[in-house]
Amino acid sequence: MDINLSGRDFLKLLDYSKEEILYLLGLAKVLKEKKKNHESHEYLKGKNVVLLFEKDSTRTRCAFEVGAMDLGMGVTYLGPTGSQMGKKESIADTAQVLSRMYDGIEYRGFEQTVVEELAKNSSVPVWNGLTNEFHPTQMLADMLTVEENFGDLHGRKLVFLGDARNNVACSLMVVCAKLGIHFACCAPKELFPPEALVETCKEIASKEGSTIVLTENALEGVANADVIYTDVWVSMGEDASLWAKRIELLKPYQVNKEIMSHAKENAIFLHCLPSFHDTNTQIGKEIYEKFGISEMEVTDEVFNSSSSKVMDQAENRLHTIKAVMYATLKDE
Ligand code: CP
Ligand code: NVA
């Protein structure tokens, strides 16, 4: 089947078919190879993209910037302050103005409805660089990393431990369902993913022959896992007052040596990053002083172990985001 994604938005993976996701992964592999071989791939010379960030970022911003530059494009970054968007100018007006100047728009911010509204009013592709609900570009990097490690995706088992309602956990559930990967999340019930999304994913997964399991029992959940995944316990945009409660709720779901020992022997550890695995960050230090815990969602030992593929995963943000830009901006 011929896949053509020219002109498409990239807002959430529920909008993409299995074949389209696999196509993007294939393209990322080709682009990664070219980059490694220092082979020029300025296929989109003359085009320009704008990056709208209402939340902070290292990986996503750098991946879009370097990806765009590698493809020969110009890039404008608009940070959390300084643009008119939202304050003096509506999302709809912003989308129309930017569409007159740019060939593609990336957005990282709060509600998913904002990125959907941008896309509705834009005549150029809009890419979701993380919202409260979803983080779809992260998923492509994660899947590429899993595939690079095991040589395949279908039938593998990925287990998420932690705040299973967050953008990363929900997106993992979607991508696993679409690609036929068994997905389990281990979390206290109050942090389980939204029911409607679970139902949707279960339907998709059953067609692909995979399962979606939600459990409060971490050791049971991680049995037979190929991939153990976690994320921060409090996400960007959430109130800092939540830390106390989250630490109490999520401490039993910390990824440590014992958790890893209950997964498959060759299981890998993934994390979207940034991560609190020591006290070498401002927040990590504050949490230690306040709550006496020096490692949160993952221990330093696991983070730095040979099972940890988090730096490969971070690098793959570049190749996969580049694939999304190339596939959606190239001429038909
Ligand atoms: N994983 C991820 O999105 O990282 P950044 O917040 O640094 O972009
Ligand atoms: N759940 C995290 C992901 C960061 C990449 C957050 O939204 O802050």
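See above for the structure.
In this report, the structure presented in the accompanying data block is examined. Note that the structure is a prediction, hence the values are computed from the model and not measured. (Residues numbered from 1 in each chain as written. Chains lettered and ligands numbered in written order. Predicted model: local features only at pLDDT ≥ 70, side-chain atom pairs only at ≥ 80, totals over all residues. Heavy atoms only, no water.)

**Things to note about the sheet that holds strand S1 (residues 48-53)**
Right, so step 1: Strand order in the open sheet formed by 4 strands is S2-S1-S3-S4, with parallel pairing between adjacent strands. The sheet terminates laterally at strand S2 (74-78) and strand S4 (126-128), the two strands that pair on one side only. Across the sheet, the axes of successive neighbouring strands diverge by a mean angle of 20°, strand direction being ignored.
Right, so step 2: Bridge analysis of S1 against S2 gives 5 bridges, and the strand direction is parallel. The residue bridging leucine 52 from the neighbouring strand is leucine 78, located in S2. (Pairing = 2+ DSSP bridges. Helix = DSSP H or I, 4+ residues; strand = E, 2+ residues; numbered from the N terminus. Axes fitted to C-alpha atoms, helices over the stretch in contact; angles between N-to-C directions.)

**What about the pairing of strand S6 (residues 182-186)?**
Right, so step 1: Counting buried residues along S6, 4 of its 5 residues qualify, which places the element largely inside the surrounding structure.
Right, so step 2: The pairing of strand S5 (residues 157-161) with S6 spans 5 bridges and is classified as parallel. Looking across to S6, one finds that leucine 158 is bridged to phenylalanine 183.
Right, so step 3: Strand direction decides the pairing type here: S6 and strand S7 (residues 212-215), joined by 4 bridges, are parallel. Of the residues in S7, the one forming a bridge with cysteine 186 is threonine 215.
Right, so step 4: In this view, the connection linking S6 to its parallel neighbour S7 by way of helix H7 (residues 195-208) has right-handed handedness. (Buried < 20%, exposed > 50% of the residue type's maximum accessible area, 1.4 Å probe, protein only. Right-handed = clockwise from strand over helix to strand, strands pointing away.)

**Regarding the site of ligand 2**
Right, so step 1: Around ligand 2, the neighbouring residues are Leu130, Asn166, Asn167, Val168, Asp231, Val232, Ser235, Met236 and Leu273.
Right, so step 2: Here aspartate 231 contributes a side-chain N or O atom positioned 2.6 Å from a nitrogen atom of ligand 2.
Right, so step 3: In the complex, the protein chains occlude 94% of the 270 Å² of accessible area that ligand 2 would expose alone.
Right, so step 4: Here the residues of the shell around ligand 2 sort into 5 nonpolar, 3 polar and 1 charged. (Near = heavy atom within 4 Å. Polar contact = N/O pair within 3.5 Å; in protein donor to acceptor, adjacent residues only side chain to side chain. Areas by Shrake-Rupley, 256 points an atom, 1.4 Å probe, with all protein chains shown as cover. Nonpolar A, V, L, I, M, F, W, Y, C, P; charged D, E, K, R; others polar.)

**With respect to the sheet that holds S7**
Consider a sheet: its strands pair through backbone hydrogen bonds, and that pairing is either parallel or antiparallel.
Right, so step 1: One open sheet holds the 5 strands; their spatial order is S7-S6-S5-S8-S9, and the pairing between them is parallel. Looking at which strands have only one partner, the edges of the open sheet turn out to be S7 and strand S9 (268-271). Shown here is a sheet whose adjacent strand axes are inclined to one another by a mean of 20°, direction ignored.
Right, so step 2: Pairing of strand S8 (residues 227-230) with S9 involves 4 bridges; the strand directions are parallel. Of the residues in S9, the one forming a bridge with valine 227 is isoleucine 268.
Right, so step 3: The sheet strands contacting helix H6 (residues 167-179) are S5, S6, S7 and S8, and the helix crosses S5 at an angle near 165°. (Contact = heavy atoms within 4.5 Å.)

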